[in-house]
Amino acid sequence: MVYIASWQEFQEAAESLYAKSPNKTRYCVKWRSSEGKLVLKITDDTTCIKFKTYSSIFLNRFESLNLSLMQKMQNRRPEPTPSPATLKAPQHDGDSTKPRATSPIPPQPAGPASGGVKKKKPKKKK
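Residues numbered from 1 in each chain as written. Predicted model: local features only at pLDDT ≥ 70, side-chain atom pairs only at ≥ 80, totals over all residues. Heavy atoms only, no water.

A. Broad picture of the overall build of the protein chain. Scanning the protein chain from N- to C-terminus turns up 3 helices and 4 strands. Reading the helices (α) and strands (β) of the protein chain from amino to carboxyl end gives β-α-β-β-β-α-α. Within the protein chain, contacts between residues at least 6 apart in sequence are counted, and of these 50% link residues at least 24 apart. (Helix = DSSP H or I, 4+ residues; strand = E, 2+ residues; numbered from the N terminus. Contact = heavy atoms within 4.5 Å.)

Here it is, written out as structure tokens:
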């Protein structure tokens, strides 16, 4: 197991490792609050790379790497943002003038306010 010192190198190695074998790659995150240590580990059973940090600066970078890997793991492409030309020229269908039907049942909040019964705590024995 190799700890990579540079975040940029770790991110590139992690994404290339996942691209090489997406069905075997595992991703593990360990956080030790007592030490303030974050350890990221990515392996495909033949190659294992790790990154360790005590700095909270890497949390945003970790979040962006996590989102990038999750998008790849979902096998979805991000939706393209509409260009200004498509926003200015909306397409009108014949059905767009009709109001859409809404659900006849209004949404209800979850929890005890929606009719659930909150259990009482039993009294302590003396």
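B. Local environment of the sheet that holds strand β4 (residues 48-53). Pairing is mixed across the open sheet formed by 4 strands, whose spatial order is β1-β4-β3-β2. Each having just a single partner strand, β1 (2-3) and β2 (26-32) make up the two edges of the open sheet. As paired strands, strand β3 (residues 37-43) and β4 are joined by 6 bridges and run antiparallel to one another. Each bridged residue has a counterpart across the sheet, and for leucine 40 the counterpart in β4 is phenylalanine 51. Across the sheet, helix α1 (residues 7-20) lies against β3 and β4, angled at about 150° from β4, the strand it touches most. Contacts from helix α2 (residues 58-74) reach β2, β3 and β4 within the one sheet, and its direction differs from that of β2 by about 155°. (Pairing = 2+ DSSP bridges. Axes fitted to C-alpha atoms, helices over the stretch in contact; angles between N-to-C directions.)

C. Quick look at unusual backbone geometry. Here the phi dihedral of aspartate 45 falls at roughly 75°; this positive angle occurs in a residue that is not glycine. Mapped onto the elements of the fold, aspartate 45 is located in the loop between β3 and β4.

D. Expanded view of the packing of aromatic side chains. Evaluated as defined, the whole model comprises 5 aromatic pairs. Each member of the aromatic cluster is reached from another via a ring pair, and the members are Trp7, Phe10, Phe51 and Phe58. If you follow lysine 52 out to its NZ or CZ, it ends over the ring of tyrosine 3, 5.0 Å from the centre. (Phe/Tyr/Trp six-rings, centres within 6.5 Å; stacked < 30°, edge-to-face > 60°. Lys NZ or Arg CZ within 6 Å of the ring centre and 35° of its normal.)

E. Molecular detail of α1. Its 14 residues give α1 an end-to-end C-alpha distance of 20 Å, which sits within 8% of 20 Å, the value for a rise of 1.5 Å per residue. Elements that come into contact with the buried residues of α1 comprise β3, β4 and α2. The opening residue of α1, the one whose side-chain oxygen lies 3.4 Å from the backbone nitrogen of glutamine 8, is serine 6. (Expected span 1.5 Å × (residues − 1). Polar contact = N/O pair within 3.5 Å; in protein donor to acceptor, adjacent residues only side chain to side chain.)

F. A look at the pairing of β3. Of all the 7 residues making up β3, 6 are buried; the element is thus mostly covered by neighbouring parts of the structure. Bridge analysis of β2 against β3 gives 7 bridges, and the strand direction is antiparallel. The residue of β3 that forms the bridge with valine 29 is leucine 40. As consecutive antiparallel partners, β2 and β3 are separated by 4 residues, and within that stretch glycine 36 has a phi angle of approximately 70°, a positive value. Between β3 and β4, which follow one another and run antiparallel, lie 4 residues, and aspartate 45 among them has a positive phi close to 75°. (Buried < 20%, exposed > 50% of the residue type's maximum accessible area, 1.4 Å probe, protein only.)

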